[in-house]
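# Remarks on the overall topology
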Amino acid sequence: MRVLTGITPSGTLHIGNYFGAMRPAIELQEGGDAFYFIADYHSMTAVTDAAERRDFSLGIALDWLACGLDPAKAVFWRQSAVPEVCELTWLIGSLTPVGLLERAHSYKDKTAKGISPNFGLFAYPVLMAADILLYDTNVVPVGRDQKQHLEMTRDIAIKFNQVYGEVLVVPKEQIRDNVAVVPGLDGQKMSKSYGNTIEIFADEKAVRKKIMGIVMDSRTPAEPKPDADKNLAIQLLKLVAPPDVAADFEARLRAGGLGYGDLKKKLFECYWEYFAAARAKRAELAANLDQVEEVLRDGAERARAVAGPVMQRVRRACGID
Ligand code: TRP
């Protein structure tokens, strides 16, 4: 049962990414056949600076390795290190109806925002389908926002198989609905585009300032707060504090007598502690970049060992062998 997912290198990760996507993916690596890649080809439409792309790709690699991705358990590589994915993009793209791509939500959203569409943006779902199909993937764990892309991948694979014979494995989606939606600093869903994030790896002072700056209501510390479970700092505390500590603070807030300042201080402390080991690991990796590149090289080799035979099958079926 091969599980595969791609990670777009688009800057700094926040704790919403961590609890929503990274932690579940890292848990899945225990299953033994997890393939995770850094989708640098997918970043072409968003990033046009070479140094920035290099930084983002490497940064994402450090983040994931620091947070527990274990290259002994999961295959981890840069998408562009297996360029056959571009060849497969062309082959399946030649069977992909324009109408299908025109209906893609992410494409429609971006063009509606005034982003001038180019071929890459339009073909993004085809490249994503190739990512998945190139590795005989069975299951793709993604967020709800990627559901339509998965449906398109299935449509494309089925069409290809109808035309050229049973060549491609038709994957199943696994929508992560049961994971925590992490609230941001303003109470909305945490998202880079809302500017309400708490980064996983950021300067201590900067995060402390963000957390201490969370706006709360004007009730006095002494007042009991029957709605303590709705308090943003309590919700965040439940993610990063030991369960008994979170329960204790919630009870104290409910009963009255706990000030918001003390609550936020505790939240910062627990956040800092929660990611302490990952922070140390990341610093160690950053001081040994050769080792990180070696991990990615080794991952690419293992990925390629799977992609090679699939491509051979595909080429033979199409008559370009
Ligand atoms: N488009 C995905 C996202 O933005 C990233 C991605 C690229 C991906 N290729 C993939 C996810 C293949 C799953 C499988 O999150």
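No experiment lies behind these values; they were computed from the predicted model shown. Throughout, a residue's number is its position along its own chain's written sequence, starting from 1. For a predicted model such as this one, the threshold for reporting local features is a pLDDT of at least 70, and the threshold for listing and counting side-chain atom pairs is 80 or more; totals across whole chains, interfaces and linings nevertheless cover every residue. Side-chain metrics rest on all non-hydrogen atoms present in the structure, leaving aside hydrogens and water.

So, on to the site of the ligand. Residues are labelled near a given molecule or strand when at least one of their non-hydrogen atoms is within 4 Å of it. As a matter of local geometry, the ligand sits amid 13 residues, with G6, T8, Y124, D131 and Q146 nearest to it. In protein, a polar contact requires one atom able to donate a hydrogen and another able to accept it; more generally it is a pair of N or O atoms within 3.5 Å, and residues adjacent in sequence count only if both atoms are side-chain atoms. Contacts to the ligand include T8, whose side-chain N or O atom sits 3.4 Å from an oxygen atom. H42 is positioned such that a nitrogen or oxygen atom in its side chain is 3.4 Å from a nitrogen atom of the ligand. Accessible surface is estimated by sampling points in the Shrake-Rupley manner with a 1.4 Å probe; for residues, cover comes only from the protein chains shown. Protein burial of the ligand: of its 360 Å² of free accessible surface, 87% is covered by the chains. Here a helix means four or more residues in a row that DSSP labels H or I, a strand means two or more in a row labelled E, and each is numbered from the N terminus. Of all elements in the fold, only β1 (3-7), α6 (119-133) and β4 (139-142) reach the threshold of two or more residues within the shell around the ligand. Examining the composition of the shell around the ligand, we find that four residues originate from one element, α6, more than from any other. Per-class residue counts for the shell around the ligand are seven nonpolar, five polar and one charged. Amino acids are sorted into nonpolar (Ala, Val, Leu, Ile, Met, Phe, Trp, Tyr, Cys and Pro), charged (Asp, Glu, Lys and Arg) and polar (every other residue, Gly among them).

Attention shifts here to the pairing of strand β5 (residues 172-175). Look at any regular strand and the pattern is simple: side chains alternate between the two faces of the sheet. Criterion used throughout: strands pair if DSSP finds at least two bridges between them. Relative to β5, β4 is paired through four bridges, and the arrangement is parallel. Within the sheet, the bridge partner assigned to V139 lies in β5 and is K172.

Here we take up helix α7 (residues 147-164). Residue count minus one, scaled by 1.5 Å, sets the expected span of a helix. Here α7 spans 26 Å end to end across 18 residues, near enough to the 26 Å set by a 1.5 Å rise per residue. To sort residues, take the accessible area from a 1.4 Å probe on protein chains only and compare it with the maximum for the residue type: under 20% means buried, over 50% means exposed, and anything in between is partly exposed. Within the span of α7, buried status applies to Q148, H149, L150, M152, T153, I156, A157, F160 and N161. Once α7 finishes, G165 follows within two positions and takes phi at roughly 100 degrees, a positive value.

This brings us to helix α10 (residues 243-255). With 13 residues, α10 ought to run about 18 Å at 1.5 Å a step, and its terminal C-alpha atoms sit 18 Å apart, in line with that. All of the buried residues along α10 are A246, F249, E250 and L253. The arc that holds every buried residue of α10, seen down its axis, measures 100 degrees, which confines them to one face. Facing away from the buried surface of α10 by more than 90 degrees, the exposed residues are D244 and A255. The contact criterion used throughout is that any non-hydrogen atoms of two residues lie within 4.5 Å. Of the surrounding elements, those touching the buried residues of α10 are α9 (232-240) and α11 (260-274). G256 lies just past α10 and shows a positive phi near 95 degrees. Picture the helix axis, draw a direction to every C-beta atom, and the arc is the one those directions span.

Note on geometry: axes are C-alpha line fits, over the in-contact stretch for helices, and angles between N-to-C directions span 0 to 180 degrees. Closest axis-to-axis distance for the helix α2 (residues 50-66)/helix α12 (residues 276-286) pair is 8 Å, and the angle between their directions is 135 degrees. Considering the angle they form, α2 stands oblique to α12. In the crossing of α2 with α12, the sense of the turn from one axis to the other is right-handed. Residues G59, L62, D63, L65 and A66 of α2 pack against A278, K281, R282, L285 and A286 of α12. Considered class by class, the residues forming the contact of α2 with α12 number six nonpolar, one polar and three charged. To sort the angles, those under 35 degrees are grouped as roughly parallel, those over 145 as roughly antiparallel, those from 65 to 115 as roughly perpendicular, and the leftovers as oblique. Left-handed is the label given to a crossing in which the near helix is rotated counterclockwise from the far helix by less than a right angle, and right-handed is the label when the rotation is clockwise.

This part is about the pairing of β1. Across the five residues of β1, four count as buried, placing the element largely inside the fold. As paired elements, β1 and strand β2 (residues 34-38) share five bridges and run parallel to each other. The residue bridging T5 from the neighbouring strand is Y36, located in β2. Taking the sense of rotation as the criterion, the β-α-β connection linking β1, helix α1 (residues 15-28) and β2 turns out right-handed. Looking down the strands as they point away from the viewer, one classifies a crossover as right-handed if the path from the first strand across the helix to the second runs clockwise.

Geometric descriptors of this kind do not, in isolation, establish any biological role.
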